[in-house]
Amino acid sequence: MFLLAALAIAAADVTAVARPFPGGLPEREPAAVGMSAERLATIDRVVQRGIEAGGYPGASLVVGRKGYAIWQRGYGTLDWTRTSRVTANESLYDLASLTKVVATTTALMVLFDQGKVELDAPVSTYLPEFSGGLKDQVTVRHLLTHRAGLSAGRELWRMASTPAEARAAVISSPINCTPGACYEYSDLGADLLGFIAEAVSGESLEGLLQKQVFRKLAMNDTRFRLSDADAARTAPTEIAPPRGYPLRGEVHDENAYALGGVAGHAGLFSTAADLSVFAQMLLDGGVYNGTRIVADSTVQLFTRRAAGHRALGWDTCAGGAGCGQFMSERAFGHTGFTGTSLWIDPDRQMFVVLLTNRVHAARARRPSKVIADVRNDLADAAVLAVMDDPGGVMAMPASFRADLAQDWNRPLRARRASSASARRKAAAARRAAAKGRSAKGSSAARSTGKASNSAGKRKAVGKSKAAAKGTSVAKGKAATKRKSVASGKKTTSAKRGGKATSSRSKG
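About the criteria used
- Residues numbered from 1 in each chain as written.
- Predicted model: local features only at pLDDT ≥ 70, side-chain atom pairs only at ≥ 80, totals over all residues.
- Heavy atoms only, no water.
- Helix = DSSP H or I, 4+ residues; strand = E, 2+ residues; numbered from the N terminus.
- Contact = heavy atoms within 4.5 Å.
- Areas by Shrake-Rupley, 256 points an atom, 1.4 Å probe, with all protein chains shown as cover.
- Disulfide = S-S within 2.5 Å.
- Buried < 20%, exposed > 50% of the residue type's maximum accessible area, 1.4 Å probe, protein only.
- Phe/Tyr/Trp six-rings, centres within 6.5 Å; stacked < 30°, edge-to-face > 60°.
- Lys NZ or Arg CZ within 6 Å of the ring centre and 35° of its normal.
- Polar contact = N/O pair within 3.5 Å; in protein donor to acceptor, adjacent residues only side chain to side chain.
- Pairing = 2+ DSSP bridges.
- 1 Å grid on protein atoms, 1.4 Å probe; cavity = no way out; pocket = protein on both sides within 12 Å on 5 of 7 lines; lining within 4 Å.
- Points joined across faces, edges and corners; volume = space filled by probe spheres on them.
- Nonpolar A, V, L, I, M, F, W, Y, C, P; charged D, E, K, R; others polar.
- Axes fitted to C-alpha atoms, helices over the stretch in contact; angles between N-to-C directions.
- Parallel < 35°, antiparallel > 145°, perpendicular 65-115°, else oblique.
- Left-handed = near helix turned anticlockwise from the far one by under 90°.
- Arc of directions from axis to C-beta.
- pLDDT = per-residue confidence, 0-100.
- Salt bridge = Lys/Arg side-chain N within 4 Å of Asp/Glu carboxyl O.
- Core = buried A, V, L, I, M, F, W, Y, C linked by side-chain atoms within 4.5 Å.

**Structural notes on the overall build of the chain**
- A count of helical and extended segments in the chain gives 16 helices and twelve strands.
- A separation threshold of at least 6 residues defines the contact pool for the chain, and within that pool the share at least 24 residues apart is 67%.
- Per element, the accessible surface of the chain, about 23,700 Å² overall, is 53% carbon and sulfur.

Okay, here's the thing in C-alpha cells:
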C-alpha cells in the first residue's frame, strides 16, 4: 500500500513538473519558478491592445524562466481575415533581423569554437575579394559590432538579377569611415558574416545551421526557405511589395530575396516555441537537453557589451531596443523589422519571445510605435512578475505603455504640422522682440528731438510720420507676402500628404 502511494505521489510530481510542448520547452506554472500568474496576465492585455489598435493581426509569445515555458500563447490570427488562429508552437513568422543573431551570429560562434574564425582577423583573410583600401582594416569583430564603416544597406534588389550579382554588390560595398571609428547598424555587415561562415565551413549558411544548431536542438520549424505546404500556417507580410504580389511564406526583405532567400541579415522563419528552446540553450551556457552547441565561455563572450551598447552580433538593453526598463545590465537581445523580438536576461534566468507581422496591412497609423511599446511592456511585465528577485518585488505601474497608446494613431504629418506651427510661433516672437527694440530706439530719438528748436522738431516729427507710414506699408506688404508663402506651404503640404509613401527601414 505504501508502495502504491509513493508511486502515485511520484506520478503527480512528474505531471506537475514537466508537460512538454510539441517543439518547445516543457511547461510549468508561474508560481513554481517564482513568478506571479496575476502579474503575467498583464501580457494578455498588452498584446490584445496592440491587436485592437490595428498594429498587427496576431502575435505568438513565450515567456520562459528556469528552463520552462511559463507563458506560451497565441493571440489573434495570422491575417486580418480572422480565419487562422495563431498558436505559439505551430504558427510560423518571418524573423527579419532576428536572423542576424539566431542564425548568423550563432554560426560564427560555432566556427569560433572550432578555431576556424578569429574575431580580430581581417575579413580579407576569409574573403580575399573583400580587400583594398580601408577594407584591409575591417575585422570580423568590426562586422559583429556594426563598426566596419559600411552603409546601412544597398538596394540589391534593384541592382542585381541573380543571387551571385547581389553577393558581388555586397562585397563591392565601400567603406565610409575608418573601421572601428564609427557606428552604423548595417545589413551588409551581417551578409559578409554569412559569406565568411560559408567560406570557412565549406557549406551553405542554411546547411551549416541545420547541421550544427537547429537539428541538434530539434528546432524543426526553423529554416530559411519554406515549402508550399507551410504557407498556410505562416503569417503573411507585405501585401504590395516591389515583387508585385502579396508575400506569404516568402522572405519579406527585398535584399534577402535578391540573395536567394538565404542571407546573413534576414530570411529565417521560425515559431515562438522553437525560439524558446534556442533562448534556453543560451541561458544554459550553450547546451540544451544534454546537447552542447557552443561553449559557455563563447556565449559569455558574444553576449556581453563589446563596443558601445552592442555585444558581438547581439544588442543590449543600453541600446533601448525593446527590453523595457527593468531587465538587468547583462540582458541581451535583438529585434526584427517585421515585428519580432527576443530578449534574454541571464541574471533572472528569463527570456521573452515575441513574434508578430506588423508589416501586414497594419490598420494603426503608426504600427512601429505600437510594436515598440508592446515589446517594452512585455519585458517589463515579465520582470515585474518575478517574486523571488534578490532585490525584492517591484511595484506594478498604474498603467503600461499599451494602456496609454500614446501616438499610436497620430498621423506623422500632424507632427510635422505641429513642428511648423512651433516654428511660426518662434518666428513671431522674434519679430515681436525686434519690434520692441525698434520702438525703444524711436523713443530715444524722440527724446533727443525735444532738445532741438521747434523747426527742427517739426522736421523730425514729419520724418517720423513718414517713416511710420513707410513702416506700416512695409509691414502690410510683408504680412501679405508671409500669408501668401504660408498658403503655398499649406498647399504643398497637402499635396505631400496625399501621396502614398513607402519606408524600408530595418529592425
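**Here we look at the state of the cysteines**
- Evaluated as defined, the whole model comprises two disulfides.
- Cys177 shares a disulfide with Cys182; S-S distance 1.6 Å.
- Using a relative accessible area of 24% as the deciding quantity, one classes Cys182 as partly exposed.
- The side chain of Cys317 participates in a disulfide bridge whose partner is Cys323; the two sulfur atoms lie 2.2 Å from each other. Neither Cys317 nor Cys323 differs from the other in exposure class; each is buried.
- Disulfide connectivity for the chain, with bonded cysteines indexed by sequence position, reads 1-2, 3-4.

**Brief notes about the packing of aromatic side chains**
- Under the definition given, this model contains two aromatic pairs.
- For the ring pair Trp314 and Phe332, a centre distance of 5.1 Å and an interplane angle of 80° mean the geometry is edge-to-face. Here Trp314 is found in the loop between α12 (296-303) and β9 (315-316), whereas its partner Phe332 is found in strand β10 (residues 332-336), with 18 residues between them in sequence. The two residues Trp314 and Phe332 agree in class, both being buried.
- Stacked on the ring of Tyr257, the Lys or Arg Arg243 has its end atom at 4.1 Å from the ring centre.

**Topic: the side chain of Thr105**
- Here Thr105 lies in helix α4 (residues 99-113).
- A polar atom in the side chain of Thr105 sits 2.7 Å from the backbone oxygen of Lys100.
- Beyond its immediate stretch of four places on either side in the chain, Thr105 contacts Lys100, Leu144, Phe302, Leu312, Gly313 and Trp314.

**Describing unusual backbone geometry**
- Even without a glycine there, the phi angle at Arg82 is positive, about 65°.
- Relative to the assigned elements, Arg82 resides in the loop between β4 (68-76) and β5 (93-94).
- The backbone of Ala96 shows a phi angle near 50°, a positive value even though the residue is not glycine.
- Residue classification places Ala96 among the buried positions, given a relative accessible area of 8%.

**A few points about the pairing of β4**
- Of all nine residues that make up β4, seven are buried, and the element is covered over most of its length.
- In this structure, strand β3 (residues 58-65) lies alongside β4, joined through eight bridges in antiparallel fashion. Note that in β4 the partner of Val63 across the bridge is Trp71.
- Hairpin connection, β3 to β4: the antiparallel pair is bridged by two residues, and Lys66 has positive phi, about 50°.

**Thoughts on empty space enclosed by the protein**
- For the structure on display, the rule yields four cavities of 30 Å³ or more.
- Within the residue set of the lining of the second largest cavity, elements represented by two or more residues are α4, α5 (140-144) and α8 (187-201).
- Considering every element that reaches the lining of the second largest cavity, the biggest residue donor is α4, with three residues.
- Looking at the lining of the second largest cavity, its residues break down into four nonpolar, four polar and one charged.

**Here we look at the packing of α4 against α8**
- The N-to-C vectors of α4 and α8 enclose an angle of 40°; their axes lie 10 Å apart at closest approach. Overall, the two elements α4 and α8 adopt an arrangement that is oblique. Two packed elements cross with a definite hand, and for α4 against α8 that hand is left-handed. When α4 is examined against α8, the residues Lys100, Thr104, Ala107, Leu108 and Leu111 are found in contact with a partner set consisting of Asp187, Ala190, Leu193, Gly194, Ala197, Val200 and Ser201.
- Tallied by class, residues from the contact of α4 with α8 come to seven nonpolar, three polar and two charged.

**Focus on α12**
- Considered for burial, the residues of α12 that qualify are Thr298, Val299, Phe302 and Thr303. For α12, the angular spread of buried residues about the axis comes to 115°, placing them on one side.
- Contacts from the buried residues of α12 go to α4, α5, α11 (272-283) and β10.

**Concerning the confidence of the model for the chain**
- The share of residues in the chain with pLDDT of 70 or more is 77%, and the mean pLDDT across the chain is 84.
- The low-confidence segment residues 1-21 (pLDDT under 50) makes 14 contacts with residues lying over four places distant or belonging to another chain.
- Low pLDDT (under 50) marks residues 414-419, which in the prediction has four contacts with non-local residues, meaning those over four places away or in another chain.

**Observations concerning the pattern of salt bridges**
- Summed over the entire model, instances satisfying the criterion amount to 24 salt bridges.
- Residue Arg65 pairs with Asp388 through a salt bridge whose shortest N-O separation is 3.0 Å. With Arg65 in strand β3 and Asp388 in the loop between α13 (367-384) and α14 (401-404), the pair connects residues that are 323 residues apart, well separated along the chain.
- Judged by relative accessible area, which is 5%, Arg65 ranks as buried.

**Considerations on the packing of α4 against helix α9 (residues 205-214)**
- Close contact between α4 and α9 brings their axes to 10 Å; oriented N to C, the two are set at 70°. One finds that α4 runs roughly perpendicular with respect to α9. Handedness of the crossing formed by α4 with α9: left-handed. The residues of α9 that touch α4, namely those facing Val102, Ala103, Thr104, Thr106, Ala107, Val110 and Leu111, are Leu205, Leu208, Leu209, Gln212, Val213 and Phe214.

**Brief notes about the nonpolar core**
- Counting 81 residues, the largest nonpolar core has Val140, Leu143, Leu192, Ile196 and Leu282 as its most contacted members.
- Excluding anything up to four places from it in sequence, Leu282 contacts Met109, Val299, Trp314, Phe332 and Ile344.
- Tyr56, Val352, Ala381 and Ala382 belong to the second largest nonpolar core, which has 39 residues in total.

**Things to note about the pairing of strand β11 (residues 340-345)**
- Summarising burial for β11: six of the six residues are buried, a large majority.
- Of the two faces of β11, the one carrying Thr340, Leu342 and Ile344 and the one carrying Ser341, Trp343 and Asp345 are both buried.
- Examined bridge by bridge, β10 and β11 share five bridges and lie antiparallel to one another. Bridge pairing in β11 links Gly336 to Thr340.
- Between the antiparallel neighbours β10 and β11 lie three residues, among them Gly339 with a positive phi of about 115°.
- Relative to strand β12 (residues 350-356), β11 is paired through six bridges, and the arrangement is antiparallel. For Trp343, the partnering residue across the bridge sits in β12 and is Val352.

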